[in-house]
Amino acid sequence: QQQVKQSPQSLIVQKGGISIINCAYENTAFDYFPWYQQFPGKGPALLIAIRPDVSEKKEGRFTISFNKSAKQFSLHIMDSQPGDSATYFCAASTGSGNTPLVFGKGTRLSVIA
Amino acid sequence: SAVISQKPSRDICQRGTSLTIQCQVDSQVTMMFWYRQQPGQSLTLIATANQGSEATYESGFVIDKFPISRPNLTFSTLTVSNMSPEDSSIYLCSVLTGGLGQFFGPGTRLTVL
């Protein structure tokens, strides 16, 4: 049973466009929702994270939107650049992030000029 | 964030042998985890490395196959025993830093022939 469902599996966006990746979860005990960026041959890097007491969090060009009632959260990358081309993973955990993460299956983003 | 190093970065091993992967953190951390990432796939938690006690394994992973040591708050090892080609994966250690999130090492890319 997949606890965190991520879509789309792959995404192609024009340079300067908005990249949107979506995740849905079932476990209402999840209270910490991070996004990771992974380049080939590297470990995942923490990008941005949100807790369910807020509906949106923005850091630079990256924004997480969170809908608690729908049990969904999404990552928006504004003004997408070729350097953003990577695999993005959503994740979730309980205990305010102090427990192991459950990951979505990942989205491979390609930003083309 | 914590600086995490792993050794080796990659290795090619023969079927039936064992490989020990080291994870070193530049600061003391309470929780360390080991994940596996099969080629082109998401991350799956193998176990939580507990300092001073036996590791806590996830369903599908057993101590005889993946023995883990954690002698102190900055170091852990994962051994992949009696390897088969199905064990070819990237093995990642990660740490929880107080309130800052979970961070990953660069990974160890293992190929079993």
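No experiment lies behind these values; they were computed from the predicted model shown.

Novice: Looking at this model, I keep getting lost on the overall build of chain A. Mind explaining?
Specialist: Summing up its helical and strand segments, chain A has zero helices and eleven strands in all. Element order for chain A, N to C, with α for helix and β for strand: β-β-β-β-β-β-β-β-β-β-β. Taking 113 residues into account, the globule formula puts the C-alpha radius of gyration at 13 Å, and chain A, at 13 Å, falls close to it. Its C-alpha atoms put chain A at 40 × 30 × 20 Å along the principal axes. Entry remark: accessible area of chain A is about 5,500 Å², with carbon and sulfur atoms responsible for 49%.

Novice: Quick question: what am I supposed to make of the environment of Leu78 of chain B here?
Specialist: Residue and element names in this part refer to chain B. Residue position: Leu78 is located in strand β8 (residues 75-80). Given the relative accessible area of 0%, Leu78 is considered buried. Once the C-alpha coordinates of Leu78 and Thr20 are considered, the two residues, 58 residues apart in sequence, prove to be 5.6 Å apart. Apart from residues lying up to four places away in sequence, Leu78 is in contact with Leu19, Thr20, Ile21, Trp34, Ile46, Phe66, Pro67, Ile68 and Tyr91.

Novice: In this structure, what is going on with the sheet that holds strand β7 (residues 62-67) of chain A? I would like to understand it.
Specialist: Strand-to-strand pairing in sheets goes through backbone hydrogen bonds, with the strands running parallel or antiparallel. All names here are of chain A. Here we have five strands laid out as an open sheet, ordered β1-β3-β8-β7-β6, and antiparallel in their pairing. Single-partner strands in this sheet number two, and they are β1 (4-7) and β6 (56-59). In this sheet, neighbouring strand axes are inclined to one another by 15° on average, regardless of whether the strands run parallel or antiparallel. Bridging between β6 and β7 involves four bridges; their strand directions are antiparallel. When the sheet's bridge partners are listed, Glu59 is paired in β7 with Phe62.

Novice: What is the right way to look at the interface of chain A and chain B in this model?
Specialist: Interfaces are often described in size by the accessible area the parts lose on coming together. Contacts between the two partners involve 18 residues from chain A and, on the opposite side, 20 residues from chain B. In total, about 1,300 Å² of surface goes out of reach between chain A and chain B, with carbon and sulfur atoms giving 57% of it. When the buried area of chain A at its contact with chain B is split by residue, Pro44, Pro100 and Phe103 of chain A rank highest and sum to 33% of it. At the boundary of chain A with chain B, the tally comes to zero salt bridges. Where chain A touches chain B, the interface holds four residue pairs in polar contact (both at pLDDT 80 or more). Classifying every residue of the side of chain A that touches chain B gives eight nonpolar, seven polar and three charged.

Novice: Sorry if this is basic, but what is going on with unusual backbone geometry here?
Specialist: Note: most residues except glycine have negative phi, and most peptide bonds are trans. In this model, Ser7 of chain A is joined to Pro8 of chain A through a cis peptide bond whose omega is -5°. Within the secondary structure layout, Pro8 of chain A lies in the loop between β1 and β2 (10-14). The residue Asn82 of chain B is not glycine, and still its phi comes out positive at about 45°. Relative to the assigned elements, Asn82 of chain B resides in the loop between β8 and β9 (89-97).

Novice: Which parts of the structure should I look at to understand the sheet that holds strand β3 (residues 19-25) of chain B?
Specialist: Residues and elements named next belong to chain B. Reading across from one edge, β1-β3-β8-β7 is the order of the four strands in this open sheet, with antiparallel pairing throughout. Of all the strands in the sheet, the pair left with one neighbour each is β1 (4-7) and β7 (68-72). Sheet twist, expressed as the average angle between the axes of neighbouring strands with direction ignored, equals 15°. Taken together, the four bridges between β1 and β3 define a ladder with antiparallel strand orientation. In the strand pairing of β3, Gln6 is matched with Cys23.

Calculation notes
- Residues numbered from 1 in each chain as written.
- Chains lettered and ligands numbered in written order.
- Predicted model: local features only at pLDDT ≥ 70, side-chain atom pairs only at ≥ 80, totals over all residues.
- Heavy atoms only, no water.
- Helix = DSSP H or I, 4+ residues; strand = E, 2+ residues; numbered from the N terminus.
- Rg over C-alpha atoms; globule rule 2.2 N^0.38 Å.
- Areas by Shrake-Rupley, 256 points an atom, 1.4 Å probe, with all protein chains shown as cover.
- Buried < 20%, exposed > 50% of the residue type's maximum accessible area, 1.4 Å probe, protein only.
- Contact = heavy atoms within 4.5 Å.
- Pairing = 2+ DSSP bridges.
- Axes fitted to C-alpha atoms, helices over the stretch in contact; angles between N-to-C directions.
- Buried area = accessible area lost by both parts, 1.4 Å probe.
- Salt bridge = Lys/Arg side-chain N within 4 Å of Asp/Glu carboxyl O.
- Polar contact = N/O pair within 3.5 Å; in protein donor to acceptor, adjacent residues only side chain to side chain.
- Nonpolar A, V, L, I, M, F, W, Y, C, P; charged D, E, K, R; others polar.

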